[in-house]
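Summary of the model geometry
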Amino acid sequence: MTEHPTSHEGRQPLAARSHERTRPRQEAAEAGPSSAGAPGSRSGTADGHPGAKPAGGVPSQQGRPDGHRAAGGEHAGGEASRPGTGGDPAPGGAPVPGQGAAPAAAPAGGGAPAQVGAPAAAVAVNAAPGAPVAQDVAAARREGDRLRFVGAATRRIARGIDLDEIVLGLCRATVPTFSDAILVYLRDPLPVGDERPVAPFVLRLRRTDRLRLTDVEGEELILVPDPDPTPAAELCEVRSGGALAEVLRGVRPVFGDSAAARAALPELLGHEHVLPGGHRAILAPLRGRRRVIGAAVFLRRPERPGFEPNDLLVAAQLATHTALGIDKAVLYGREAYIADELQRTMLPDSLPQPTGVRLASRYLPAAETARVGGDWYDAIPLPGSRVALVVGDVMGHSMTSAAIMGQLRTTAQTLAGLDLPPQEVLHHLDEQAQRLGQDRMATCMYAVYDPVSHRITIANAGHPPPILLHLGGRAEVLRVPPGAPIGVGGVDFEAVELDAPAGATLLLYTDGLVESRLRDVWTGIEQLRERLAATAQLTGPDHSPPLEALCDDVLDMLGPGDRDDDIALLAARFDGIAPSDVAYWFLEPEDAAPGRARRLARRALARWDLEELSDSVELLISEVVTNAVRYAERPVTLRLLKTDVLRCEVGDDSPQLPRQRRARDTDEGGRGLFLVNRLARRWGATRLSGGKVVWFELPTRT
């Protein structure tokens, strides 16, 4: 919608323009009377009968809205003036008294009289009875300017979507057109919706703009966001029952020289703030839907005409639109905060640091105005130093999508803790999506990386395929079964096991990264593959690109029209664990198993030059293996892994997880896990599909 030019920064103020319009008519009205306004003159047609044409055959111009007649000789009364004649004749042929040609009025200050036979329109303008008509026209135009200004100003205020934009819109719309300076005070803190405001009632100066006059001739006026040389108070506590509280309670704007404002303005601005005299200040309360949330002060300089009574209505309109806009902006800000917090809590705060793999992630919402979506990523540590990598995309990007995403993510974490195969995890996710309701569809990629075997198992549910970036710079799109989206029901999911060489990088992503209105998904995947290969070439064939920088570089490929959906990105750098740093044994569930486990661990520590850990490791292994042998029916597994820490894992076929408890003085057992908890840096127990694994970690100090 186009604004009228009267909204107009840089134009003269309304009062000044209307004053200049009326001045020529007032001076002309003082020049002399016109025959059209003399007593006994008739208005209407030239012969005094309705509908007759004036002399000369020129139609009457009574329908002109501005009260002027057409050029060519008609005066204000609608009578045609012919050169050299005295006026309309009477029915008997004699001139009507008082209706003859009036003598030309001499100009003010003396001078030649007006020419005989001059156009009657010029005479009509100078007629004394015509002066009120001109004043009415000027007043009507002034009111029209005022209405156009209010319309343009309210549109500018309504454009703002947050608090600062709305307050800025009010300041820029009113300075300099309506006032030379403005101060906007808002409640601190601002109440949101139906919240009860906190006490005491404090107003804080949110913004102040003023028009700075420059001394350079011809230079335009400059709008600056700093206060007058006499600064206003930054904070103001509104005293209950005080003058300012009474004005704010009254809601209606008041002139600065009124009795109420003379006591309220010093309380608001400070007693040292000098106010202009006369009607050059307006105090307008800002009332929202339920309560007063602030106040606005409009000021004019002494050299400018003061405010008129109708300007109070203008200030009231501006204050009302601003207050309601602020109310809505505060509500919108709270809703945006809730949505942002919901999305942030649905995603992991930080990624784990599992052994043998480095991780990095990114998330971008579809737009700043819609910060929630259904995309998610996750990295879940699994027994045996493995890690599950998950990326999913729920249909849509709304609060509902975010809620469904949170439920599916929680379900995936629970299923991963059971150490189910990837295809089984997707199958249970599909069943969960159907239980959540109809049309609860999502795509998901679930992968499990084993750093010991350097293998990765991937299952797909309608998700874009991952891309593997090798150490030498070659990027390939992995061939994985596409599968059906989660929520379709009645479908089977397949898993594929692939090599994951050390130094390679796996990139999991959602379709928002590769699909948009400007390109299809497979074109985007190919562009992503080329971008990864080009980035890897910059670091050379023997070095992988930094993981965080790689994620940023991938997002840089997005163009202006490529953000149609939210984006989730998960990158995993496979470091693996060397076979020489892994020791693995099977122990029969017999009484000699704890002793044999101590001897095997001592030899492995000696090979790794970690003899200083022998005492602690042997004690903890003896306790954990003893518990496993007590309940196991099949061979017990013992595995030691040396990375930045020493990790020990003991597995058996019993699903019952051990629990730490406080042993009594008379108990013979129950102290093994207490020792593990005190000596190990970390420990835990994980249930598997065929039993459980109890593990602990010790620092290597190397």
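**Focus on a nonpolar patch on the surface**
- Residues Tyr337, Ile338 and Met399 make up a contiguous nonpolar surface patch of about 300 Å² in total accessible area.
- You can see isoleucine 338 is positioned in helix α7 (residues 309-346).
- On the basis of relative accessibility, which here comes to 37%, the residue isoleucine 338 falls in the partly exposed class.

**Description of helix α12 (residues 593-607)**
- A rise of 1.5 Å per residue sets the reference length of α12, with its 15 residues, at 21 Å; its end C-alpha atoms lie 21 Å apart and thus fit the reference within 8%.
- All of the buried residues along α12 are Ala593, Pro594, Gly595, Ala597, Leu600, Ala601, Ala604 and Leu605.
- Of the surrounding secondary structure, the elements contacted by the buried residues of α12 are β18 (582-587), α13 (614-631), β19 (636-642) and β20 (645-652).
- Directly after α12, the chain includes aspartate 609, whose backbone phi takes a positive value near 60°.

**Looking at the packing of aromatic side chains**
- Counting across every chain of the model gives five aromatic pairs.
- With a centroid separation of 5.7 Å and an interplanar angle of 15°, the aromatic rings of phenylalanine 149 and phenylalanine 178 are classed as stacked. In this pair, phenylalanine 149 sits in helix α3 (residues 131-158) while phenylalanine 178 sits in the loop between α4 (163-174) and β1 (181-187), placing the two residues 29 residues apart along the sequence.
- Here phenylalanine 178 falls in the buried class, since its relative accessible area comes to 1%.
- Here phenylalanine 178 and phenylalanine 298 contribute two aromatic rings whose centre-to-centre distance is 5.5 Å and whose plane-to-plane angle is 85°, an arrangement assigned as edge-to-face. With a gap of 120 residues between them, phenylalanine 178 in the loop between α4 and β1 and phenylalanine 298 in strand β7 (residues 292-299) connect regions that are remote in the sequence. Like phenylalanine 298, phenylalanine 178 is buried.
- Here the aromatic residues Phe149, Phe178, Phe298 and Phe307 are joined through ring pairs into a cluster of three or more.
- Stacked on the ring of phenylalanine 201, the Lys or Arg arginine 187 has its end atom at 3.7 Å from the ring centre.
- Arginine 647 extends its terminal NZ or CZ atom over the ring of tryptophan 695, reaching a point 4.3 Å from the ring centre.

**As for the sheet that holds strand β22 (residues 691-699)**
- Ordered in space as β18-β19-β20-β22-β21, the five strands form an open sheet in which the pairing is antiparallel. Two strands lie at the open edges of the sheet, namely β18 and β21 (682-688), each paired on one side alone. Here the strands of the sheet are splayed against their neighbours by 15° on average, with no regard to which way each runs.
- Sheet topology note: the β20/β22 ladder contains eight bridges and is antiparallel.

**Some points on the environment of serine 361**
- Positionally, serine 361 belongs in strand β8 (residues 357-364).
- On the basis of relative accessible area, serine 361 is assigned to the buried category, the value being 15%.
- Among the polar contacts made by the side chain of serine 361, one reaches the side chain of tyrosine 377 at a distance of 3.2 Å.

**With respect to the side chain of aspartate 430**
- Within the element layout of this structure, aspartate 430 appears in helix α9 (residues 422-436).
- Although aspartate 430 is buried, it forms no salt bridge, and the closest oppositely charged side chain is arginine 435 at an N-O distance of 9.2 Å.
- In this structure the side chain of aspartate 430 is engaged in a polar contact, spanning 2.7 Å, whose partner is the backbone nitrogen of glycine 487.
- Setting aside residues up to four positions removed in sequence, aspartate 430 forms contacts with Pro485, Ile486, Gly487, Val488, Gly489, Gly490 and Phe493.

**Examining empty space enclosed by the protein**
- Under the defined criterion, the tally for this structure stands at four cavities of 30 Å³ or more.
- Of the pockets and cavities examined, the largest cavity occupies roughly 90 Å³.
- Considering the residues around the largest cavity, the lining is formed by Pro191, Val192, Gly193, Arg289, Arg290, Arg291, Ile293, Asp327, Val330 and Leu331.
- Among the elements that take part in the lining of the largest cavity, α7 stands out by supplying three residues, more than any other.
- Residue classes in the lining of the largest cavity are distributed as five nonpolar, one polar and four charged.

**Some details on the pattern of salt bridges**
- For the structure on display, the rule yields 32 salt bridges.
- Put simply, glutamate 526 and arginine 529 hold a salt bridge, and the shortest N to O gap is 2.7 Å. Of the two residues, glutamate 526 and arginine 529 are both situated in helix α10 (residues 521-539); the distance of three residues between them amounts to about one turn of the helix.
- Classification of glutamate 526 by relative accessible area gives partly exposed; the value is 32%.
- The exposure class assigned to arginine 529 is partly exposed, which follows from its relative accessible area of 23%.
- Its salt-bridge partner being arginine 682, residue glutamate 697 comes within 3.1 Å of it at the nearest N-O pair. Of the two residues, glutamate 697 is situated in strand β22 and arginine 682 in strand β21; the sequence distance between them amounts to 15 residues.
- When its relative accessible area of 3% is taken as the criterion, glutamate 697 is described as buried.
- For arginine 682, a relative accessible area of 44% corresponds to the partly exposed category.
- Through salt bridges with shared partners, one network takes in Arg142, Glu143, Arg146, Arg300, Glu308 and Asp311.

Here is what the cut-offs are and how they apply
- Residues numbered from 1 in each chain as written.
- Predicted model: local features only at pLDDT ≥ 70, side-chain atom pairs only at ≥ 80, totals over all residues.
- Heavy atoms only, no water.
- Patch = residues over 30% accessible without salt bridge, like charges linked within 9 Å, V, L, I, M, F, W, Y side chains within 5 Å.
- Areas by Shrake-Rupley, 256 points an atom, 1.4 Å probe, with all protein chains shown as cover.
- Salt bridge = Lys/Arg side-chain N within 4 Å of Asp/Glu carboxyl O.
- Helix = DSSP H or I, 4+ residues; strand = E, 2+ residues; numbered from the N terminus.
- Buried < 20%, exposed > 50% of the residue type's maximum accessible area, 1.4 Å probe, protein only.
- Expected span 1.5 Å × (residues − 1).
- Contact = heavy atoms within 4.5 Å.
- Phe/Tyr/Trp six-rings, centres within 6.5 Å; stacked < 30°, edge-to-face > 60°.
- Lys NZ or Arg CZ within 6 Å of the ring centre and 35° of its normal.
- Pairing = 2+ DSSP bridges.
- Axes fitted to C-alpha atoms, helices over the stretch in contact; angles between N-to-C directions.
- Polar contact = N/O pair within 3.5 Å; in protein donor to acceptor, adjacent residues only side chain to side chain.
- Lys, Arg positive; Asp, Glu negative; His and termini not counted.
- 1 Å grid on protein atoms, 1.4 Å probe; cavity = no way out; pocket = protein on both sides within 12 Å on 5 of 7 lines; lining within 4 Å.
- Points joined across faces, edges and corners; volume = space filled by probe spheres on them.
- Nonpolar A, V, L, I, M, F, W, Y, C, P; charged D, E, K, R; others polar.

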